[in-house]
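Single-letter residue listing:
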Amino acid sequence: MSREVIGIDLGGTGIKLGRVGTDGNLIKTISVPTPQPANPEDVFATIVEAIAFLDPDGISTAIGVGLPGPTDARGRIAKVSINLPGWVDIPLADWLEAKFHKPTIIANDANCAGLGEAWLGAGRNFPNFILLTLGTGVGGAIIFNGELFSGHYGAAGELGLITLYPDGPTCNSGNNGSLEQFVSIRAIRRRTGLEPAELGVLAANGDSRALEFWQEYGRDLGIGISSLVYVLTPDAVILGGGVSGSAKFFLPATRAEVERRVLFTSRENLQIIPAQLGNQAGIFGAAKIAFEVIGMGEKGKLV
């Protein structure tokens, strides 16, 4: 018998929710703004209201939530979020279970996006891949032998926080010159004063400065990816998040930089490709971990 769960993708500016069936069918979806400031109590109240609208008859059997930052290994507590103020040791899963009386689990949002792409998207044919989410920040997910790798304490895969340029801008994580500080949406705004979509339109119209920026962006991204490839030697690097919509302008430079920097033996048959699920990857991944909670999927593997 097919069941439905609720998958939630909690971001710094928006919250996306969906009812998902065991076959990956997205039955109903909504998106609501994240309260500003995004303090835990107001965000929780917004999620509660959205779930009541999404599933008024209580059909769903479990809830999965992806959120920015690491959680505890059991998927109960949001440990910290560098992009959501006041989110330190917040027991979000307990709050939602108490309200809706449904099994609930939380996970890092990029990990959820990686699981979503592995289940239904660009990662379906790759047992080993990494996902980079190029959004407000830069998140990451590592899929190894078909399973999500989250590390001993559940906090592995913060790929956007690796050091790119040691003397670069300070990151909210405390690092200087992290990859996130050069290839996230916030970094693009800081570097150009424009939004990625605006730069994409300009580049499509042949604007030389926009095209030059995307070349620089692709080079920086390629430098970061090169370090990750040397460590993980994945089958593929999948690029998601809002910036990936302009991939055609920067991917050639990214691939060229990786080819220049990485020995052939470490990048043999490597593919660097855009994600396929767009802004719904996090919903699907959150739904996947919700199915695991009710025993309809093996933990870390495809449902």
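Source: prediction; values computed, not measured.

A. Up close: the sheet that holds strand 8 (residues 129–134). Read across the open sheet, the five strands follow the order 10-9-8-11-12; overall the sheet is mixed. At either end of the open sheet lies a strand with only one pairing partner, and these are strand 10 (147–148) and strand 12 (271–274). Where strand 11 (residues 236–240) meets strand 12, four bridges bridge the pair, whose relative direction is parallel. Across the sheet, the residue bridging to valine 237 is isoleucine 272, located in strand 12. Helix 8 (residues 247–261) contacts strand 8, strand 11 and strand 12 of the sheet and is inclined by roughly 165° relative to strand 12.

B. Expanded view of the side chain of arginine 76. Position of arginine 76 among the secondary structure elements: in the loop between strand 4 (63–67) and strand 5 (78–80). Of the polar contacts made by the side chain of arginine 76, one reaches the side chain of glutamate 97; its length is 3.1 Å. Sequence-distant contacts of arginine 76, defined by excluding residues within four places in its chain, comprise Ile90, Pro91, Leu92, Ala93, Asp94, Glu97, Thr104 and Ile106.

C. Spotlight on the pairing of strand 9 (residues 138–144). Most of strand 9 sits out of view: six of its seven residues are buried. Here strand 8 pairs with strand 9 via six bridges, running antiparallel. Looking at strand 9, one finds that leucine 134 is bridged to valine 138. The hairpin turn running from strand 8 into strand 9, its antiparallel successor, is three residues long. Where strand 9 and strand 10 come together, two bridges link them in antiparallel fashion. By the bridge assignment, isoleucine 143 is partnered in strand 10 with leucine 148. As consecutive antiparallel partners, strand 9 and strand 10 are separated by two residues, and within that stretch asparagine 145 has a phi angle of approximately 55°, a positive value.

D. View of the sheet that holds strand 7 (residues 104–108). Strand order across the open sheet formed by five strands is 3-2-1-4-7, with mixed pairing between neighbours. Each end of this open sheet is capped by a strand with a single partner; those strands are strand 3 (26–33) and strand 7. Put simply, the sheet's adjacent strands are angled 15° from each other on average, direction ignored. When strand 1 (residues 4–10) meets strand 2 (residues 14–21), the two strands line up antiparallel, connected through seven bridges. Residue pairing in the sheet places glycine 7 in a bridge with glycine 18 of strand 2.

E. Fine view of the pattern of salt bridges. Evaluation of the coordinates by the stated rule reveals 11 salt bridges. The partner of arginine 19 in a salt bridge is glutamate 4, with the nearest N and O atoms 2.9 Å apart. Placement of the pair is arginine 19 in strand 2 and glutamate 4 in strand 1, with a sequence separation of 15 residues. With a shortest N-O distance of 2.5 Å, glutamate 292 and lysine 288 are connected by a salt bridge. Here lysine 288 and glutamate 292 lie together in helix 10 (residues 281–293), a separation of four residues that amounts to about one turn. Members of the salt-bridge network, linked through shared partners, are Arg76, Asp94 and Glu97.

F. The arrangement of unusual backbone geometry in detail. Cis rather than trans, the peptide bond between glutamine 36 and proline 37 has omega equal to 0°. A positive phi angle, close to 55°, is found at histidine 101, a residue other than glycine. By secondary structure assignment, the location of histidine 101 is in the loop between helix 2 (92–100) and strand 7. We classify histidine 101 as exposed; its relative accessible area is 69%. Backbone geometry at asparagine 269 places phi at a positive 65°, although glycine is not the residue there. Mapped onto the elements of the fold, asparagine 269 is located in the loop between helix 9 (264–267) and strand 12.

G. Summary view of the packing of aromatic side chains. What the rule picks out here adds up to nine aromatic pairs. On the basis of an interplanar angle of 75° and a centroid distance of 4.9 Å, the ring pair of tyrosine 165 and phenylalanine 182 is categorised as edge-to-face. Pair noted here: tyrosine 165 is in the loop between strand 10 and helix 4 (180–183) and phenylalanine 182 is in helix 4, with a separation of 17 residues, a long-range link. Tyrosine 165 sits in the partly exposed class, given a relative accessible area of 28%.

Rules behind the numbers
Residues numbered from 1 in each chain as written. Predicted model: local features only at pLDDT ≥ 70, side-chain atom pairs only at ≥ 80, totals over all residues. Heavy atoms only, no water. Pairing = 2+ DSSP bridges. Helix = DSSP H or I, 4+ residues; strand = E, 2+ residues; numbered from the N terminus. Contact = heavy atoms within 4.5 Å. Axes fitted to C-alpha atoms, helices over the stretch in contact; angles between N-to-C directions. Polar contact = N/O pair within 3.5 Å; in protein donor to acceptor, adjacent residues only side chain to side chain. Buried < 20%, exposed > 50% of the residue type's maximum accessible area, 1.4 Å probe, protein only. Salt bridge = Lys/Arg side-chain N within 4 Å of Asp/Glu carboxyl O. Phe/Tyr/Trp six-rings, centres within 6.5 Å; stacked < 30°, edge-to-face > 60°.

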